[in-house]
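Analysis of the macromolecular model
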Amino acid sequence: MLSSVLRSTQAVQVNIEIMRTFVRLRRILSSHADLAERLEILEQKYDSQFRAVFDAIR
């Protein structure tokens, strides 16, 4: 999120790499259902912690 807000060249490059990583992850998950299920469990477990970080930034 922070790399989207910042306007430096490095921040833009970081944001591009983050997007590429998510694209790769989506491709991997589409071929590995068990991995997708494990990732979903992790997201549910840590979602509230990340929400607290984003609320603090706001």
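Below you will find a few notes about this structure. (Residues numbered from 1 in each chain as written. Predicted model: local features only at pLDDT ≥ 70, side-chain atom pairs only at ≥ 80, totals over all residues. Heavy atoms only, no water.)

The next subject is the overall build of the chain. Counting secondary structure elements, the chain contains 3 helices and 0 strands. From first element to last, N terminus to C terminus, the chain shows the α and β order α-α-α. Classification of the 58 residues of the chain by burial places 5% in the buried group. Summing over all exposed atoms, the chain offers an accessible surface of approximately 5,500 Å²; the carbon and sulfur share of this is 60%. (Helix = DSSP H or I, 4+ residues; strand = E, 2+ residues; numbered from the N terminus. Buried < 20%, exposed > 50% of the residue type's maximum accessible area, 1.4 Å probe, protein only. Areas by Shrake-Rupley, 256 points an atom, 1.4 Å probe, with all protein chains shown as cover.)

Our next topic: the pattern of salt bridges. By the definition in use, this model includes 1 salt bridge. Among the salt bridges present, the one from Arg20 reaches Glu17, with a minimum N-O distance of 3.0 Å. Pair noted here: Arg20 and Glu17 are both in helix α2 (residues 9-31), with a separation of 3 residues, about one helical turn. A relative accessible area of 45% places Arg20 in the partly exposed class. (Salt bridge = Lys/Arg side-chain N within 4 Å of Asp/Glu carboxyl O.)

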